[in-house]
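Residue strings, one per chain:
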Amino acid sequence: MTGPATGPVSLGAPDAWADLTGTVVTSLCGVRLLDGTIADLTLAGGTITAVTRAGAGPEATTGRGAATAASGTRDAPGAPGAPGALGALGAVESTGVLDATGWRFVPAASEPHAHLDKALTANRIPPGTGHDLVGAIDAWRSITPTIDAGDITTRARATVGRYLARGITTVRTHVDVHMTGDPLRGVDALVALREQLRGTLTLQVCLLAGEHAPDAVVAEAVDHGIDVIGGCPHLASDPRHETTRMLDLAERTGLPVDLHTDEQTTLDERSGVPDIADLAQQVLARGLIQRVTASHCVRLGSLPPADLAPVLDVVARAGLGIVTLPITNLYLQGWHDTRLIPRGIAPLRAILDAGIDLAAGADNLRDPFNPVGRADPFETTSLLVSAGHLRPEEALAAVTTSARTVLGLPPVGATPGAAADFLLVPDADLGEVIAGGTTARVVVSGGRVVADTRVRSSLDHPALDPTESRPRGATATAPTTTPSSTPTRRPTPIGR
Ligand SMILES: [Zn+2]
């Protein structure tokens, strides 16, 4: 039986041999928040219940927060109560009090638009096929007859593991209605996975019903447990009719809507306006109360400002959220242009200026639509800055707080009442974080550590020291544990 708690247990260093998965965190001490302040957080029932900033607020006059506030620094390593002299791992299990000195708090990330049924199939299509959107669809459809529910489950599970390890605790996946075999085998596989992962990762299953999927099959998918109605009007023979059909189905079922929208760089010559404008006008006319999302919206990037403004105005008035997916659309668009290749990204600055909720994700992962990708929210933030020209804090919001808004989920962040979903990264500046330079991560979902990734590097030159990037205040030790309970898994050097 675990003895009485003796105090916080150090999170350990980013390059420590450590594994805190399974720890239920009740308190997080000395963590740096995004605004640069040091704070102590209290967690209960999957929620952050209190945030005490060092040196601020009446609660800073008592307890550990007061010590931090009074001294302005954390305890020195080795001193009583310091990271090097804290309680055993058993105390973590008992008290859940972690000292996160040297780590930075980041709200949990979301992947607002994935295709788990397609993920990790890039090596199944012939080399040289795929590329643009139409080619990728053809390549995908050529292999779907060989794909069963078990195959989908195996790849989806592997993909979700990558997301979770990198700080993504919520995923919205779109799923095809198959044209051969059981049309809903993907739905069934992903709905079952959603239930299996409940409590660790939130999975929303959104139907991707092309115009070939009749209303009866969509209704059947609803009965099978999908969370969101979705389709792709821009690929239909009559986009307006398909948008109307999708919204009819949403009205009938009461489910939220998420449509692939305007995933081309050129306007539909028939209408002269992007499909999202029609979607927004229909949402307003119907008075839909469920959340409606438009994913991709690449065409908006080709509109002159004078034409774009009224479109974004009606989108804002309709309360639509927009999901931008830079890595996949940078890959899929522009294959047929020979100069001034379009970026394939929605006009992000104008969208934010219009007051529209903006989420960002990666879309496909290692499949015919995107042969690369790291399942990493900071890969997306990097592209939002380099290709989308967002500021670092805007890019981070698009994969964290704003993404949750678009997905209709409770907020995350270091505020009382927020969901206890966050990741801890080495205490680097925000630019380093969103550049993806901080590969070590400890991920907390619902107040429990669900992933713990530490990274060690060795460089064979006396002038180069990988530990120079170690965060301030962090020691090179693992969380303090009883010798018998945790092995020190140091590798044996080879050839030395
Ligand atoms: Zn998609």
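Small disclaimer: the values here were computed from a predicted structure and weren't measured.

J.: Outline the overall build of the chain, listing residues and values.
T.: Secondary structure assignment for the chain yields 15 helices and 16 strands. Taking all 496 residues of the chain together, 52% fall into the buried category. Restricting the contact set of the chain to residue pairs at least 6 apart, pairs at least 24 apart contribute 74%.

J.: Go over the sheet that holds strand 10 (residues 257–261) with me, naming the residues and quoting the values.
T.: Strand order in the open sheet made by the four strands is 10-11-12-13, with parallel pairing throughout. In this open sheet, the two strands that pair with only one neighbour each are strand 10 and strand 13 (358–360). The average angle at which neighbouring strand axes cross in this sheet is 25 degrees, direction not considered.

J.: I'd like a description of the sheet that holds strand 7 (residues 109–114), backed by residues and values.
T.: With respect to topology, three strands assemble into an open sheet ordered 7-8-9, the strand pairing being parallel. Looking at strand neighbours, the two that pair on one side only are strand 7 and strand 9 (202–208), the edges of this open sheet. When strand polarity is set aside, the average angle formed by the axes of neighbouring strands in this sheet is 10 degrees. As defined by bridge partners, strand 7 adjoins strand 8 (residues 168–176) across four bridges and the pair is classed as parallel. From the neighbouring strand, Ala 109 faces strand 8, where its bridge partner is Ile 168.

J.: Before we move on, could you go through the confidence of the model for the chain and cite the residues and values that matter?
T.: Taken as a whole, the chain shows an average pLDDT of 86; of its residues, 83% reach a score of 70 or greater. Throughout residues 1–5 the model reports pLDDT below 50, and contacts reaching past four residues in sequence, or to other chains, amount to nine contacts. Throughout residues 471–496 the model reports pLDDT below 50, and contacts reaching past four residues in sequence, or to other chains, amount to 55 contacts.

J.: Break down helix 8 (residues 275–286) for me, citing the residues and quoting the values.
T.: The terminal C-alpha atoms of helix 8, which comprises 12 residues, lie 17 Å apart, in line with the 16 Å expected from a rise of 1.5 Å per residue. Every buried residue belonging to helix 8 is among Asp 275, Ile 276, Ala 277, Leu 279, Ala 280 and Val 283, and all of these are buried. Where helix 8 is buried, its residues contact helix 7 (239–253), strand 10, strand 11 (292–296) and helix 9 (305–318). A positive phi of about 65 degrees marks Gly 287, the residue just after helix 8.

J.: How would you sum up helix 3 (residues 133–143)? Please name residues and give values.
T.: For helix 3, every residue scored as buried is listed here: Leu 133, Ala 136, Ala 139 and Trp 140. In a view along the axis of helix 3, the buried residues occupy a sector of 125 degrees, so they form one face of it. On its buried face, helix 3 sits against helix 10 (326–332).

J.: Account for unusual backbone geometry, naming residues and giving values.
T.: One non-glycine residue, Cys 297, lies in positive phi territory at about 55 degrees. Summarising the element assignment, Cys 297 is placed in the loop between strand 11 and helix 9. Owing to 31 C-beta atoms within 10 Å, Cys 297 belongs among the buried residues under this scheme. With a phi close to 70 degrees, Asp 363 is a non-glycine residue in the positive phi region. The topology assignment puts Asp 363 in the loop between strand 13 and helix 12 (377–386).

J.: Tell me what's going on with the packing of helix 4 (residues 149–165) against helix 5 (residues 185–197), and back it up with residues and numbers.
T.: Direction vectors running N to C along helix 4 and helix 5 enclose 40 degrees, while the axes themselves pass 9 Å from each other. On the basis of the axis angle, helix 4 is oblique to helix 5. Crossing angle aside, the handedness with which helix 4 passes helix 5 is right-handed. Residues Ala 149, Ile 152, Thr 153, Ala 156, Arg 157 and Val 160 of helix 4 form the contact with helix 5, whose own contacting residues are Arg 185, Gly 186, Asp 188, Ala 189, Leu 190, Leu 193 and Leu 197. Among the residues forming the contact of helix 4 with helix 5, the class breakdown is eight nonpolar, two polar and three charged.

J.: Please give an account of the environment of Ala 435 that cites residues and values.
T.: Along the chain, the position of Ala 435 falls in the loop between helix 15 (430–434) and strand 15 (441–445). With 18 C-beta atoms counted inside 10 Å, the residue Ala 435 sits in the partly exposed group. In sequence terms Ala 435 and Pro 377 are 58 residues apart; their C-alpha atoms lie 9.9 Å from each other. Every residue in contact with Ala 435, bar those within four places of it in the chain, is listed here: Phe 378 and Ser 382.

J.: An account of the environment of Ile 276 is requested, with residue identities and associated values reported.
T.: On the secondary structure map, Ile 276 appears in helix 8. Look at Ile 276 and you get buried, because 27 C-beta atoms sit within 10 Å. For the pair Ile 276 and Arg 299, spaced 23 residues apart in sequence, the C-alpha to C-alpha distance is 9.5 Å. Not counting residues up to four positions away in its chain, the partners in contact with Ile 276 are Thr 261, Asp 262, Ala 294, Cys 297, Val 311 and Val 315.

Parameters and conventions
Residues numbered from 1 in each chain as written. Predicted model: local features only at pLDDT ≥ 70, side-chain atom pairs only at ≥ 80, totals over all residues. Helix = DSSP H or I, 4+ residues; strand = E, 2+ residues; numbered from the N terminus. Buried ≥ 20, exposed ≤ 12 C-beta atoms within 10 Å, placed from the backbone. Contact = placed C-beta atoms within 7 Å. Pairing = 2+ DSSP bridges. Axes fitted to C-alpha atoms, helices over the stretch in contact; angles between N-to-C directions. pLDDT = per-residue confidence, 0-100. Expected span 1.5 Å × (residues − 1). Arc of directions from axis to C-beta. Parallel < 35°, antiparallel > 145°, perpendicular 65-115°, else oblique. Left-handed = near helix turned anticlockwise from the far one by under 90°. Nonpolar A, V, L, I, M, F, W, Y, C, P; charged D, E, K, R; others polar.

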